[in-house]
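Summary of the model geometry
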Amino acid sequence: MSTTPADSGTDTAAIAVMPEVVDRVALARLYGEPLFAMPQDLYIPPDALEVFLEAFEGPLDLLLYLIRKQNFNILDIPMLSVTKQYLVYVDQIRKHNLELAAEYLLMAAMLIEIKSRMLLPPKKVAEGEEAEDPRAELVRRLLEYEQMKLAAARLNAIPQFGRDFLKAEVFIEQSLQPRFPDVHLVDLQEAWRDILKRAKLVQHHKISREELSVREHMSIVLKRLQGRRFVGFEDLFDPSQGSPVLVVTFIALLELAKETLIEITQAEAFAPIYVRLAYSPT
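Predicted model only: the values in this text are computed from it and were never measured. (Residues numbered from 1 in each chain as written. Predicted model: local features only at pLDDT ≥ 70, side-chain atom pairs only at ≥ 80, totals over all residues. Heavy atoms only, no water.)

Here we look at the overall build of the chain
Helix and strand content of the chain: eight helices and five strands. Ordering the α and β elements of the chain from the N terminus gives α-β-β-α-α-α-α-α-α-β-α-β-β. Considering only residue pairs separated by 6 or more positions, the chain has 58% of its internal contacts joining residues 24 or more positions apart. If you sum the accessible surface of the chain, you get close to 22,700 Å²; carbon and sulfur atoms cover 57% of it. (Helix = DSSP H or I, 4+ residues; strand = E, 2+ residues; numbered from the N terminus. Contact = heavy atoms within 4.5 Å. Areas by Shrake-Rupley, 256 points an atom, 1.4 Å probe, with all protein chains shown as cover.)

Considering the confidence of the model for the chain
Counting all residues, the mean pLDDT for the chain is 76, and 74% of those residues have values of 70 or more. Across residues 1-23, confidence stays below pLDDT 50; counting only partners more than four residues off in sequence or on other chains, it has five contacts. Counting interchain partners and residues more than four positions distant, the pLDDT-below-50 stretch residues 49-54 has three contacts. (pLDDT = per-residue confidence, 0-100.)

Section: the environment of Met-79
With respect to the secondary-structure elements, Met-79 resides in helix H3 (residues 79-96). Under the relative-accessibility criterion, Met-79 is labelled buried at 2%. Separated by 56 residues in sequence, Met-79 and Arg-135 place their C-alpha atoms 8.7 Å apart. The contact partners of Met-79, leaving out residues within four places of it in the chain, are Leu-111, Ile-114, Lys-115, Met-118, Arg-135 and Leu-138. (Buried < 20%, exposed > 50% of the residue type's maximum accessible area, 1.4 Å probe, protein only.)

With respect to the packing of helix H7 (residues 214-225) against helix H8 (residues 243-258)
Between two packed helices, the angle of one axis relative to the other and the distance separating the axes together describe the packing. The geometry of H7 relative to H8 is characterised by a closest axis approach of 8 Å and an angle of 75° between their N-to-C directions. Between H7 and H8, the interaxial angle falls into the category roughly perpendicular. Here H7 contributes Val-214, His-217, Met-218, Val-221 and Leu-222 to the contact with H8, which in turn contributes Val-245, Val-248, Thr-249, Ile-251, Ala-252, Leu-253, Glu-255 and Leu-256. Considering only residue class, the contact of H7 with H8 consists of ten nonpolar, two polar and one charged. (Axes fitted to C-alpha atoms, helices over the stretch in contact; angles between N-to-C directions. Parallel < 35°, antiparallel > 145°, perpendicular 65-115°, else oblique. Nonpolar A, V, L, I, M, F, W, Y, C, P; charged D, E, K, R; others polar.)

Focus: H8
Counted at 1.5 Å a residue, the expected span for H8 with its 16 residues is 22 Å, and the 22 Å between its end C-alpha atoms agrees. At its buried positions, H8 is contacted by helix H6 (185-201), H7, strand S4 (262-266) and strand S5 (273-277). One or two positions beyond H8, positive phi appears at Thr-260, with a value near 55°. (Expected span 1.5 Å × (residues − 1).)

A word on the pattern of salt bridges
According to the stated counting rule, one finds ten salt bridges in the structure shown. With its nearest N and O atoms 2.6 Å apart, the salt bridge here joins Lys-149 to Asp-61. Taken together, the positions of Lys-149 in helix H5 (residues 136-157) and Asp-61 in helix H2 (residues 59-69) put the pair 88 residues apart, joining distant regions of the chain. A relative accessible area of 4% places Asp-61 in the buried class. Put simply, Glu-137 and Arg-140 hold a salt bridge, and the shortest N to O gap is 2.3 Å. Of this pair, Glu-137 and Arg-140 are both found in helix H5, three residues apart, which corresponds to roughly one turn of the helix. (Salt bridge = Lys/Arg side-chain N within 4 Å of Asp/Glu carboxyl O.)

Observations regarding the pairing of S5
Each regular strand shows side chains that alternate between the opposite faces of the sheet. In the sheet, strand S3 (residues 231-232) pairs with S5 via two bridges, with the strands oriented antiparallel. What sits directly across from Val-231, in S5, is Val-275. Here S4 pairs with S5 via five bridges, running antiparallel. The residue of S5 that forms the bridge with Glu-263 is Arg-276. (Pairing = 2+ DSSP bridges.)

Concerning H7
Helix length check: H7, at twelve residues, gives a terminal C-alpha distance of 17 Å against a target of 16 Å (1.5 Å per residue), a fit within 8%. Among the residues of H7, His-217, Met-218, Val-221 and Leu-225 are the ones counted as buried. Looking straight down H7, one finds its buried side chains confined to an arc of 110°; they lie on one side. Exposed residues on H7 whose side chains face more than 90 degrees from its buried face are Arg-215 and Lys-223. Considering only its buried residues, H7 is in contact with S3, H8, S4 and S5. (Arc of directions from axis to C-beta.)

Looking at the nonpolar core
The biggest cluster of nonpolar side chains holds 23 residues, and the ones touching the most others in it are Leu-63, Ile-77, Tyr-86, Met-107, Leu-111, Leu-138 and Leu-142. Aside from chain neighbours lying at most four places away, what touches Ile-77 is Ile-67, Val-82, Arg-135, Leu-138, Val-139 and Leu-142. Counting residues in each nonpolar core, the second largest holds 20 residues, with Trp-192, Met-218, Phe-237 and Ile-262 among its members. (Core = buried A, V, L, I, M, F, W, Y, C linked by side-chain atoms within 4.5 Å.)

Points about the sheet that holds S5
Read across the open sheet, the three strands follow the order S3-S5-S4; overall the sheet is antiparallel. Of all the strands in the sheet, just S3 and S4 have a single pairing partner and so form its edges.

Right under this line is the structure:
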């Protein structure tokens, strides 16, 4: 395939314009199209990108940072060096945020005042007394601030609810129909013993033979429960009829419960025991 000189020149110019990209990886995508080089006419506002190497919470924080970074003795601060570095930082933030710089300028004025007082001859004091150091008040404030900062760091290191851990929560779907606790065998035995004790108080010396039917007493119990929501367990027994009838009635209750024709319920532990007809959907 032959190419004309014009075509050859066009291809050479296109190759010269294309940047050298490793593995043809685009720097970005603009409207879905790969961008292999930064546009020459891209305008970036002066304040669009700002890099803050250190973030300070106030003038004392900055001053403490300058002292600790250079391992200065906080009880013997070299005011000239620290003041120069402090003013350089203040000059930078004043260009971008004048309101923020106001608080730092106040501390700068204090540093300059301390430096000026140090250049003056010390005031005469009585014998045995030391001359007051102009830096004493600043040192006191810096030490107090450092203690508070360390205390805040220790408090922040303590695990906090919502930040470091969460309370375990489990959703349990509950039925709208109240579910009573099951009656324990021990509670049923205790109720039965109480009935037997009451039966012994009403005893007759008349001896007679009586044939008792469990099925018959099952029917009697069902009739007594008919149309009633709850019946007390003790109300189903008549101690005046003697122990044999009580035993048969109790066996009838157990048979009805076994065949799920009745329900034996209890509102809570140690509460009275009630009997009701089992629910049967119509």
